[in-house]
Amino acid sequence: MDSILQDALIYGKKYLPSGKVANYIPELAKADPSHLGICLMLPDGSTYQAGDFQVPFTMQSIAKTFSLILALKTAGYETVFSKVGMEPTGDCFDSIVQLETKQLPPFNPMINAGAIVTVSCIKAQDPFEEFLALVRQLCFNNTIALNESVYLSEKRTGMRNRSIAYLLQSDQILEGEPEQVLDQYFHMCSVEVTTVDLARYALILANDGLDPITGTQMLEEWIVRIVKTLMLTCGMYDESGEFAVKAGIPSKSGVGGGIVATTEQGMGIATYGPVLNQKGNSIGGTHMLEYLSSKLNLHSFASKTYTAV
Ligand code: GLN
């Protein structure tokens, strides 16, 4: 496995020159474009890593999986899905076109509009505190914390997300004060993790909410099923279809450069590489996952008689 991960890294690195680090959140532009790393965990707890797997990064849109879990846990299926849909969009993650043309409610919880509504559904005294507690619990790391500079940077420059939130308010989809909901959302996006943290989380998702290492049921199965389905159909924004064909692994990316991926075989995988493609997905990460899918036969719909190439 170590040598497969090394090969995946070499393969992923080849694509780095054709992408760019995100700079619309100024603080993210400071990331080192040469970084690329991966962590993979098997159900028996064995862990494999390669490259810059220990470099911390902010979750960004990966936070949308945790906010969906928290909304489903605290507000329930009916409430959440009365405010947000389950359909993939062919538009970019921060698009406002569907809001402007009144295709409401927002298509799914994995794009900005849908995630902002999902955050507003969370029933908690302090939604961010609950969110952070959930992240720490599912990543088995109590030191996970907010990256204050990224949070402030996004709060200062997040005008597009403000447009989204106010449009949603104008159509009575978003209840509550937009600035307050946005502040929660910006906080959640700015939580800092490593691939090791996210691979641990992915391991739980991959095993239907049961942590195979401790034997504890960490999440209800129905919630995990919804989250993984939406990761497969919507987790890579408007590249979700192509990624599903090529890798076939339920995954969620963030503009911080992370991708969290859960396999049918019960593996948890996370990649980090801040250089993004035009859709906003880590270019090294997507290629490493495609490589591993082919080498290890990880495609969700792979034929049982498939021979790895
Ligand atoms: N915080 C980012 C934003 O709202 C998250 C987007 C992303 O990772 N694609 O723009």
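This one's a predicted model, so the numbers in the text were calculated from it and none came from an experiment.

Asker: Give me the lowdown on the sheet that holds strand E6 (residues 191–193), citing residues and values where you can.
Answerer: Pairing in this open sheet of 3 strands is antiparallel, and the strands run E4-E6-E5 from one edge to the other. The two strands at the open ends of the sheet, each matched to only one other strand, are strand E4 (57–58) and strand E5 (145–146). Running at roughly 5 degrees to E6, helix H6 (residues 127–139) makes contact with E5 and E6 of the sheet.

Asker: Explain the site of the ligand to me, using residue names and the numbers behind them.
Answerer: Near the ligand lie 14 residues; those nearest to it are Tyr 24, Gln 60, Ser 61, Tyr 185 and Tyr 237. Residue Asn 161 places a side-chain N or O atom 2.8 Å away from an oxygen atom belonging to the ligand. Here an oxygen atom of the ligand sits 2.8 Å away from a polar atom, N or O, in the main chain of Val 255. Put simply, the ligand lies in the second largest cavity. Class assignment of the residues belonging to the shell around the ligand gives a composition of 7 nonpolar, 5 polar and 2 charged.

Asker: Account for the environment of Met 231, naming residues and giving values.
Answerer: Relative to the helices and strands, Met 231 resides in helix H11 (residues 221–234). Contact partners of Met 231, with chain neighbours within four places excluded, come to Thr 65, Leu 205, Met 236, Pro 250, Ser 251, Lys 252, Val 260 and Thr 262.

Rules used in this analysis
- Every chain begins its residue count from 1, and numbering advances along the sequence as written.
- In keeping with the model being predicted, local features are shown solely for residues with a pLDDT of at least 70 and side-chain atom pairs are shown and tallied solely at 80 or more, while totals for entire chains, interfaces and linings include all residues.
- Values reported for side chains reflect all heavy atoms of the structure, with hydrogen atoms and water molecules removed beforehand.
- Note: two strands are recorded as paired if DSSP finds a minimum of 2 bridges between them.
- Labels follow the DSSP assignment, with helices taken as runs of H or I lasting at least four residues and strands as runs of E lasting at least two, numbered in each case from the N terminus.
- Pairs of residues are marked as contacts when any of their non-hydrogen atoms sit within 4.5 Å.
- To obtain each axis, a line is fitted to C-alpha atoms, and for helices this fit is confined to the stretch in contact; angles are then taken between N-to-C directions over 0 to 180 degrees.
- We call a residue near a given molecule or strand whenever any one of its heavy atoms falls within 4 Å of it.
- In protein, a polar contact means a hydrogen-donor-capable atom and an acceptor-capable atom, both N or O and within 3.5 Å, with residues adjacent in sequence counting only if both atoms are side-chain atoms; elsewhere, any N or O pair within 3.5 Å suffices.
- Whether a set of points on the 1 Å grid over the protein atoms alone is a cavity depends on a 1.4 Å probe fitting there but being unable to get out, while an open set qualifies as a pocket with protein on both sides within 12 Å along at least five of seven lines; lining residues are those with an atom within 4 Å of a point.
- Put plainly, a molecule is in a cavity or pocket when over half of its atoms are within 2 Å of the grid points there.
- Three classes are used: nonpolar for Ala, Val, Leu, Ile, Met, Phe, Trp, Tyr, Cys and Pro, charged for Asp, Glu, Lys and Arg, and polar for all others, with Gly counted as polar.

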